[in-house]
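Notes for the structure review
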Amino acid sequence: MVTAETSRRDQFVRATLLSWMDQGSGELSARGLAAIAGANASAIYYYFDDLEHLYEAAQRAAIAQASDWIAQRRDALLTELHTTDLPPTALGSLLAQLTDAWCEDARPLAFAWRECQLLAARNPRFAPLRAEWATLWRAFFAAICPRFGAAAATETSFLFFDGESLLHLMRWNRTIDRAALDESCATWGRWIGGSLPGDTPWRLHARARARTTLSGVAIPDGNGAAVAEAAATLLAARGLGAITHRAVAAQAGLTLGAVSHVCRRTDDLLRLAYAQIYLQLTGGAPDRLDAATPATPPTSDPTPAEARLLALDELILAVARGRAEPGLVGMLRYLRGTTSIHTVRERVRCSDAQSIALSAVLSSIGMGFWRTSPAHGDAEAYDGFLDHLFAPLSAG
């Protein structure tokens, strides 16, 4: 039975889910959410006590909706394949369609999942919800991978989807993005089947275009550089809500007036923070951007390595939301992989074009590994994971 009280609660939950497509939790306010819900801000505290409880309720609603969405696709697929098994290459085609549908048709849910991952990285109370999201997707892959002769690749297929679907939230060019996604998923399908990738002309085209058409990221000199570094440090360690003019001034050792002179608005501080994080991750060379490396174990205060990886997620979501420099999309999606391409070349004999395709897949899997794997902080475990991951190609 729907009462006025449950209806009002649902309005706040829907407002939160819609807001996560445009802003992170650290930017949301009771006043802003209440305006979207058509209610008074005080009602949030009446129904939920505080914003964190509202975020928990919104996450539970998103998980329930995602469970239905995933189950419909799983059941339809299993019904279709109840008497037929397909090869691993067909799994690649399915993953491309699934990823695109998740990021486009279920976009509010896709953002909710990512927001939960960031919330859990900084607040243990959201860790069980993050685990529920992972359980949903792991169960999906556990059900379908055996139908493609890929039961052994269940976990790695989930990790690949985790990383690739995050990147696909960023929109650059619909034709290029969709075609490159098809190629990446086809590469994964061939990988688990023991074959090297075929031609990937769209990815190579996207890399070339990203190199020649996108402007670099610049940081102002003097106080601007200190403000950018301070804002990036706060964003990585504490999230979006930590970035205020006063906090940046304290972090940078500058006066409030000096910070305001560099950035008049909070949005200007955020854009400077995102640019600084990008430069920290790449050293100014886009090819250095890579997430296929193990993170250090999480602590109450994130280690530099973990903070950098959290910052990368913040940066990707900011670009996906249109909050950061649009030119970063091509760089983040297509100019990454120094670490992973070296790993590929150390383990597989292949052409330059094939190593680029494989390194893009490895980078996506690495993103999923550090974010969701129980052993993500163990360098030795990561080496063992790589041995398992490359076994099909080594055998082939």
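Below or above, wherever it landed, is the structure these notes cover. (Residues numbered from 1 in each chain as written. Predicted model: local features only at pLDDT ≥ 70, side-chain atom pairs only at ≥ 80, totals over all residues. Heavy atoms only, no water.)

1. A few points about the overall build of the protein chain
Rules: For helices the rule is a DSSP run of H or I covering at least 4 residues; for strands it is a run of E covering at least 2, with both sets numbered from the N terminus onward. Note on exposure labels: buried denotes an accessible area under 20% of the residue type's maximum, exposed denotes more than 50%, and partly exposed covers the range between, all computed with a 1.4 Å probe on protein chains only. Between two residues, a contact is recorded if the distance between any of their heavy atoms is within 4.5 Å.
When its secondary structure is counted, the protein chain shows 19 helices and zero strands. Counting across all 396 residues of the protein chain, residues that qualify as buried make up 52%. Sequence-distant contacts in the protein chain: of pairs separated by 6 or more residues, those separated by 24 or more amount to 74%.

2. What to know about the side chain of Glu115
Just so we agree on the cut-off: Within 3.5 Å is the distance limit for a polar contact, defined as a pair of N or O atoms, with the added protein rule that one can donate a hydrogen and the other accept it, and that residues adjacent in sequence qualify only through two side-chain atoms.
Relative to the elements of secondary structure, Glu115 occurs in helix H6 (residues 107-122). A distance of 2.8 Å separates a polar atom in the side chain of Glu115 from the backbone nitrogen of Ser25. In contact with Glu115, not counting residues within four places along its chain, are Trp20, Gly24, Ser25, Gln59 and Arg321.

3. Thoughts on unusual backbone geometry
Positive phi, close to 75°, is recorded for Asp49, a residue that is not glycine. For Asp49, the position within the fold is in the loop between helix H3 (42-48) and helix H4 (51-80).

4. Description of helix H8 (residues 154-168)
Just so we agree on the cut-off: A helix is expected to span 1.5 Å for every residue after the first.
For H8, spanning 15 residues, the distance from its first C-alpha to its last is 21 Å, which sits close to the expected 21 Å at 1.5 Å a residue. H8 sits mainly inside the fold: 14 of its 15 residues count as buried.

5. Examining the nonpolar core
Put simply, the test is: In these notes, a set of buried Ala, Val, Leu, Ile, Met, Phe, Trp, Tyr and Cys residues joined through side-chain atoms within 4.5 Å is what counts as a nonpolar core.
Phe12, Trp102, Trp133, Trp137, Phe141 and Trp188 are the most contacted members of the largest nonpolar core, which has 127 residues in total. Residue contacts for Phe141: discarding those within four places in its chain leaves Leu95, Leu98, Pro146, Thr154, Ser157, Phe158 and Phe161.

6. A closer look at the packing of H6 against H8
As a reminder of what qualifies: Whenever a helix is involved, its axis is fitted only over the stretch in contact; in every case the axis is a line through C-alpha atoms, and angles between N-to-C directions fall within 0 to 180 degrees. Comment on the angle field: the value is read as roughly parallel under 35 degrees, roughly antiparallel over 145, roughly perpendicular from 65 to 115, and oblique elsewhere.
Two elements in contact, H6 and H8, have axes whose closest approach is 11 Å; the angle formed by their N-to-C orientations is 105°. Our classification of the angle between H6 and H8 gives roughly perpendicular. Counted together, Trp113, Arg114 and Gln117 of H6 and Phe158, Phe161, Asp162, Ser165 and Leu166 of H8 form the full contact between these two elements.

7. Some thoughts on helix H5 (residues 88-104)
Taking 1.5 Å of rise per residue, 17 residues should cover 24 Å, and H5 covers 25 Å from first to last C-alpha, within 8% of that figure. Taken residue by residue, H5 has Pro88, Leu91, Gly92, Leu94, Leu95, Ala96, Leu98, Thr99, Asp100, Ala101, Trp102 and Cys103 as its buried positions. Buried residues in H5 make contact with H4, H6, helix H7 (127-144), H8 and helix H9 (174-192).

8. Considering the side chain of Glu164
Along the chain, Glu164 falls in helix H8. Once residues lying within four places of it in the same chain are set aside, the contact partners of Glu164 are Thr99, Leu181, Ser184, Arg336 and Ser364.

9. Description of the environment of Phe161
Checked against the element boundaries, Phe161 lands in helix H8. Phe161 sits in the buried class, given a relative accessible area of 1%. Between the C-alpha atom of Phe161 and that of Leu95, which follows or precedes it by 66 residues, the distance is 7.5 Å. Each residue touching Phe161, except ones within four places of it in the same chain, is listed here: Leu98, Thr99, Trp102, Trp113, Arg114, Trp137 and Phe141.

10. Observations concerning the packing of H4 against H6
The cut-off we apply is this: Crossings are classed by handedness, with left-handed meaning an anticlockwise turn of the near helix from the far one by less than a right angle and right-handed meaning a clockwise turn.
Where H4 contacts H6, the axes come no closer than 10 Å and their chain directions differ by 130°. Between H4 and H6, the interaxial angle falls into the category oblique. As for the relative orientation of H4 and H6, their crossing is left-handed in sense. Packed against H4, whose contacting residues are Gln59, Ala62, Gln65 and Ala66, the element H6 presents Leu109, Ala112, Glu115 and Cys116 at the interface.

11. Concerning the environment of Arg246
Structurally, the position occupied by Arg246 is in helix H12 (residues 245-252). When the C-alpha atoms of Arg246 and Gly257 are compared, they prove to be 9.5 Å apart, with 11 residues separating the residues in sequence.

12. Considerations on the packing of aromatic side chains
The test is simple: Stacked, tilted and edge-to-face pairs are distinguished by plane angle, under 30 degrees for stacked and over 60 for edge-to-face with tilted covering the rest, among Phe, Tyr and Trp rings (Trp via its six-membered ring) whose centres lie within 6.5 Å. Criterion for a charge above a ring: Lys NZ or Arg CZ within 6 Å of the ring centre, and within 35 degrees of the ring normal.
All told, the structure shown has 23 aromatic pairs when counted by the stated rule. When the centroid spacing of 4.6 Å and the interplanar angle of 35° are considered together, the rings of Phe369 and Phe385 count as tilted. Of the two residues, Phe369 sits in helix H18 (residues 352-372) while Phe385 sits in helix H19 (residues 379-395), which places them 16 residues apart along the sequence. One aromatic cluster in this structure is built from Trp69, Trp102, Trp113, Trp133, Trp137, Phe140, Phe141 and Phe161. A cation over an aromatic ring shows up here: Arg114 above the ring of Trp113, its NZ or CZ 4.0 Å from the ring centre. The ring of Trp172 carries Arg209 above its face, with NZ or CZ at 4.8 Å from the centroid.

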